[in-house]
2 protein chains.
Amino acid sequence: MVAVEEPVVHDQVFHEPNGRDCRLVGDILARVGDKWSMLVVMTLLDAPLHFNELKRAIRGVSQQMLSRNLRALERDGLLTRTVHVGVPVRVEYALSDLGRSLAGPVQALGAWAVEARPAIEASRAAFDRELDKI
Amino acid sequence: MVAVEEPVVHDQVFHEPNGRDCRLVGDILARVGDKWSMLVVMTLLDAPLHFNELKRAIRGVSQQMLSRNLRALERDGLLTRTVHVGVPVRVEYALSDLGRSLAGPVQALGAWAVEARPAIEASRAAFDRELDKI
DNA sequence: CGGAATCCTCCAGGATACTG
DNA sequence: CAGTATCCTGGAGGATTCCG
């Protein structure tokens with residue numbers, strides 16, 4: 001079975017007639033929505049950091065995922081990786097201009113999150129209470 | 001093993017001294033970042049829809065995931081679900097005010113995505129080319 | 001120090017079939 | 001029409017170990 005069938009989801013990037021950018025956005029949201037990427041971006045907003053500095057700054061992340069995310073972000077051009085030779089080796093991660101430009105929209109979403117949280121939690125509680133009654 | 005250990009990631013909501021809302025945002029980003037939720041929100045922005053109308057509007061989604069997402073969004077208070085009794089039954093999904101308020105930030109991110117895409121894809125191509133050379 | 005490699009688990013998400 | 005139930009797969013993400 002080698003996928004002879006017609007392309008499904010990811011190939012129809014703009015499926016809406018009225019210029020909405022839905023699918024593309026979905027793609028980006030997937031990147032933005034993963035557990036650590038935006039945390040990395042936000043952390044690097046203040047200053048460039050070394051690997052272990054980052055790992056300490058973002059508590060709870062495994063080296064595994066931090067490493068993966070950093071590579072992915074570098075691949076996307078959102079940050080730069082520069083190796084400083086020496087003993088010990090030091091690698092510096094810094095936001096690129098593209099990466100910095102992402103901070104605005106993300107912070108907007110963050111602001112929304114902060115403001116909406118009480119309403120969301122109240123709604124969840126109410127919803128769950130209804131379920132228990134039944 | 002009943003998780004006696006100290007709380008790890010999700011309990012430290014604000015771990016940064018300087019008022020940044022990192023963890024909380026991460027939580028919201030996870031919701032926002034899943035494959036279909038924001039597509040639902042964006043689709044309902046124009047008008048309320050019935051289940052199958054939604055399913056048709058968002059091509060490629062399974063009933064399974066659409067159903068799950070709708071319930072999750074309803075639970076969070078982002079949309080309302082009203083059953084119109086009759087034959088056949090009709091259920092209408094509509095954005096709540098809270099849900100509508102989310103559209104702004106998401107569209108901002110969408111705009112960024114559209115603008116940044118060429119740069120991102122160029123960066124990816126360059127990155128992958130480097131790998132092939134080695 | 002900055003990773004790569006390996007192994008494992010959990011869950012988002014798809015496909016299909018059934019129900020009221 | 002609007003779901004729920006069941007089964008299955010890939011990949012995100014964690015833990016641990018090894019390496020230059």
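As recorded by an unreviewed UniProt entry, chain A carries the name HxlR family transcriptional regulator and is attributed to Novosphingobium guangzhouense.

J.: I would appreciate a short explanation of the sheet that holds strand β2 (residues 79-84) of chain A in the present structure.
T.: Note on sheets: strands pair through backbone hydrogen bonds, and any given pair is parallel or antiparallel. Residue and element names in this part refer to chain A. If you trace the three strands from one edge of the open sheet to the other, you get β1-β3-β2, paired in antiparallel fashion. Across the chains shown, the open sheet's two edge strands, defined by having one partner strand only, are β1 (49-50) and β2. Sheet topology note: the β1/strand β3 (residues 90-95) ladder contains two bridges and is antiparallel. Its bridge partner being in β3, Leu 49 is matched across the sheet by Tyr 93.

J.: Would you explain the nonpolar core in this entry?
T.: In globular proteins that are soluble, nonpolar side chains generally tend to be buried together. Of all hydrophobic cores here, the largest spans 66 residues; its most connected members are Trp 112 of chain A together with Trp 112 of chain B. Residues in contact with Trp 112 of chain B, not counting those within four places in the same chain, are Ile 28, Leu 78, Leu 98, Ser 101, Leu 102 and Pro 105 of chain A together with Ile 120 of chain B.

J.: What exactly am I supposed to notice about the protein's contact with DNA strand D here?
T.: Taken together, the neighbourhood of DNA strand D is formed by 20 residues, with Gln 64 of chain A together with Gln 64, Ser 67, Arg 81 and Tyr 93 of chain B sitting nearest. For DNA strand D, the backbone portion of the atoms within 4 Å of the protein, that is sugar and phosphate, comes to 78%. Asn 52 of chain B places a polar main-chain atom, nitrogen or oxygen, 3.0 Å from a phosphate oxygen of DNA strand D. Interatomic distance of 2.8 Å between a side-chain N/O atom of Ser 67 of chain B and a phosphate oxygen of DNA strand D. Elements that contribute at least two residues to the surface near DNA strand D include exactly α4 (63-75) of chain A together with α3 (51-57), α4 (63-75) and β3 (90-95) of chain B.

J.: Help me understand the relation of the copies chain A and chain B, please; the structure alone is not making it clear to me.
T.: Both copies of the chain are tied together by a single rotation about an axis and a shift running along it. For the match of chain A to chain B, the screw axis carries a shift of 0.0 Å, the RMSD comes to 0.1 Å, and the turn is 180 degrees. Here the transformation between the copies is reduced to the relation of a two-fold axis. Of the C-alpha atoms belonging to chain A, the one lying closest to the rotation axis is found on Gly 33 of chain A, 2.0 Å away. A share of 100% of interface residues in chain A that are also interface residues in chain B marks the association as one of identical surfaces.

Parameters at a glance
- Residues numbered from 1 in each chain as written.
- Chains lettered and ligands numbered in written order.
- Predicted model: local features only at pLDDT ≥ 70, side-chain atom pairs only at ≥ 80, totals over all residues.
- Heavy atoms only, no water.
- Pairing = 2+ DSSP bridges.
- Helix = DSSP H or I, 4+ residues; strand = E, 2+ residues; numbered from the N terminus.
- Core = buried A, V, L, I, M, F, W, Y, C linked by side-chain atoms within 4.5 Å.
- Buried < 20%, exposed > 50% of the residue type's maximum accessible area, 1.4 Å probe, protein only.
- Contact = heavy atoms within 4.5 Å.
- Near = heavy atom within 4 Å.
- Polar contact = N/O pair within 3.5 Å; in protein donor to acceptor, adjacent residues only side chain to side chain.
- Least-squares fit on C-alpha atoms with pLDDT ≥ 70 in both.

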